[in-house]
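Breakdown of the fold
Read off the chains here:
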Amino acid sequence: MATKGTPAVRAVEAAGVAYRLLEYDYDPNAAAIGLAAAEALGLDPALVYKTLVCQLEGGPGDLPAPSSPPARAWI
């Protein structure tokens, strides 16, 4: 599947993992972007994960995070 190439999607593709990319209209003013994404897609927020890109000692990394709080509690 050709993708838009986010770091997380590229990592999943490189690992050969099957996935389905869901797209929605992004709302930059949403108070909780993950929850807004779940709502826009008509999905239970507990089933939606976002990926956060971080800088590690060896280079960039991806951290999957739940779309609903308390994600910040463990980051």
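Residues numbered from 1 in each chain as written. Predicted model: local features only at pLDDT ≥ 70, side-chain atom pairs only at ≥ 80, totals over all residues. Heavy atoms only, no water.

The next thing to look at is the overall build of the protein chain. In terms of helices and strands, the protein chain carries two helices and two strands. Its helices and strands taken in sequence order, the protein chain reads α-α-β-β from the N to the C terminus. Residues classed as buried in the protein chain amount to 17% of the 75 residues present. A separation of at least 24 residues holds for 15% of the contacts in the protein chain among residues at least 6 apart in sequence. (Helix = DSSP H or I, 4+ residues; strand = E, 2+ residues; numbered from the N terminus. Buried < 20%, exposed > 50% of the residue type's maximum accessible area, 1.4 Å probe, protein only. Contact = heavy atoms within 4.5 Å.)

Moving on to helix 2 (residues 33-41). Restricting attention to buried positions, one finds in helix 2 the residues G34, A37 and A38. Buried residues along helix 2 cover an arc of 95 degrees about the axis, so they all sit on one side. (Arc of directions from axis to C-beta.)

Moving on: the confidence of the model for the protein chain. Mean pLDDT for the protein chain: 76, with 76% of residues reaching 70 or above. Within the protein chain, the element-level pLDDT minimum falls on strand 2 (residues 59-66), averaging 71, and the maximum on helix 2, averaging 87. Confidence drops under a pLDDT of 50 for residues 71-75, and excluding neighbours within four residues, the segment shows seven contacts in the predicted structure. (pLDDT = per-residue confidence, 0-100.)

Quick look at the environment of P45 now. When you line up the elements, P45 lands in the loop between helix 2 and strand 1 (49-56). The exposure class of P45 is partly exposed, given its relative accessible area of 28%. P45 sits eleven residues away from G34 along the chain, and the two C-alpha atoms are 7.6 Å apart.

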